[in-house]
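# Chain and residue survey
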Amino acid sequence: MLRFASLSSGSSGNSYLIGYGNKNILIDAGISNKRIRDGLESLGIDAESLSAIFVTHEHSDHIQGLKVFLKKTPVPVYASFGTLSELANRECVPHELMHVVKPYESIKIGELDVFAHPSFHDTLEPFWYKVTTPEGSVAVVTDIGHVEQEMGYVLSGLRAILIEANHDINMLETGPYTFALKRRILSDTGHLSNEACGRFLCDILHDGLESIALGHLSKENNYPELALLTVKNEIDFAPIDFVSERLNIFVAGRDNVTKILWK
Ligand SMILES: [Zn+2]
Ligand SMILES: [Zn+2]
């Protein structure tokens, strides 16, 4: 059985569970240690059974629970060299637990094959991850400032994806953030807007994609209903063979565990 769930997704904290057979891994640990453990327990997974944590990058919404979690459950932590060096500076991860993943490299954890893809984001060496199992592939694609064509190739044949729909451009532009922060989010190394997420999905939709979870929504500059509507509109107005009502698209919550694919 392929297991893929969001323990929490949003600009304030991210953590995702992916499992197959008797192996389970987390991608990011950006919520509290307690929330990680409670979330796993609600899925029937013992935190002590985790095999590894893969970290996308060093922003706090992806690592804030890591240090405390590792104190009780010292599992290997995989990330790029750049991300690990930041985690070392902040004394988040003991050296003996650190494992460097090179860009475009795959790491095998049992029958999980975790592929690291560089992303465009304003940290040292960010990744997003695609995980392949004997029963298909899933991917977590957040914190990407823009999309490159080659990503479509890597993301073909997925069974499920969690993809960033960070903000509504109008809400961001007219909202309370400083000019510098607005510019950062809208830049090529910031975050995907709802519109950009929808357009990207149009490029990667394929038969067999069973679940599309929208994630990493901004609390200040987005609403779940708006993200969903905007993404669906992009799909329905695009000259492609897919219509949104036949797709299983939903928002992964910030305050609740969301099963994305569990079969
Ligand atoms: Zn980030
Ligand atoms: Zn983030």
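Structure shown above.
The paragraphs below set out a description of the structure included in this document. Computed from a predicted model, the values in this text were never measured in an experiment.

Before going further, it helps to spend a moment on the coordination of the zinc ion (ligand 1). Protein-derived coordination of the zinc ion (ligand 1) comes from His 57 (NE2), His 59 (ND1), His 121 (NE2) and Asp 143 (OD), at a distance range of 2.1 to 2.4 Å. Around the zinc ion (ligand 1) sit four donor atoms, and with donor-metal-donor angles ranging over 91 to 170 degrees the site reads as irregular. Each donor residue of the zinc ion (ligand 1) lies on one chain, and together they are spaced H-x1-H-x61-H-x21-D. Separating the zinc ion (ligand 1) from the zinc ion (ligand 2) is a distance of 3.4 Å, and Asp 143 supplies a donor atom to each of them.

Taken together, Asp 61 (OD), His 62 (NE2), Asp 143 (OD) and His 216 (NE2) make up the protein donors of the zinc ion (ligand 2), found 2.1 to 2.2 Å from the metal. Counting along the primary sequence, the residues that act as donors to the zinc ion (ligand 2) give the motif D-H-x80-D-x72-H. By relative accessible area, His 216 is classed as buried at 1%.

Take the sheet that holds strand 4 (residues 52-54) next. What the seven strands build is an open sheet, ordered 6-5-4-3-2-1-14; its pairing is mixed. Every interior strand has two partners, whereas the edge strands, strand 6 (98-100) and strand 14 (258-262), have only one. The mean inter-strand angle of the sheet, taken between neighbouring strand axes irrespective of direction, is 20 degrees. Relative to strand 4, strand 3 (residues 23-27) runs parallel, the two sharing three bridges. For Leu 26, the partnering residue across the bridge sits in strand 4 and is Ile 53. On top of the sheet, helix 1 (residues 33-42) reaches strand 1 (2-8), strand 2 (15-20) and strand 3; it is set at about 140 degrees to strand 1, its chief contact.

Reading the values: the criteria
Residues numbered from 1 in each chain as written. Chains lettered and ligands numbered in written order. Predicted model: local features only at pLDDT ≥ 70, side-chain atom pairs only at ≥ 80, totals over all residues. Heavy atoms only, no water. Donors = N, O, S within 2.8 Å, 3.2 Å for Na, K, Ca; no water. Tetrahedral: all angles 85-135°; square planar, octahedral: opposite > 155°, others 65-115°. Buried < 20%, exposed > 50% of the residue type's maximum accessible area, 1.4 Å probe, protein only. Pairing = 2+ DSSP bridges. Helix = DSSP H or I, 4+ residues; strand = E, 2+ residues; numbered from the N terminus. Axes fitted to C-alpha atoms, helices over the stretch in contact; angles between N-to-C directions. Contact = heavy atoms within 4.5 Å.

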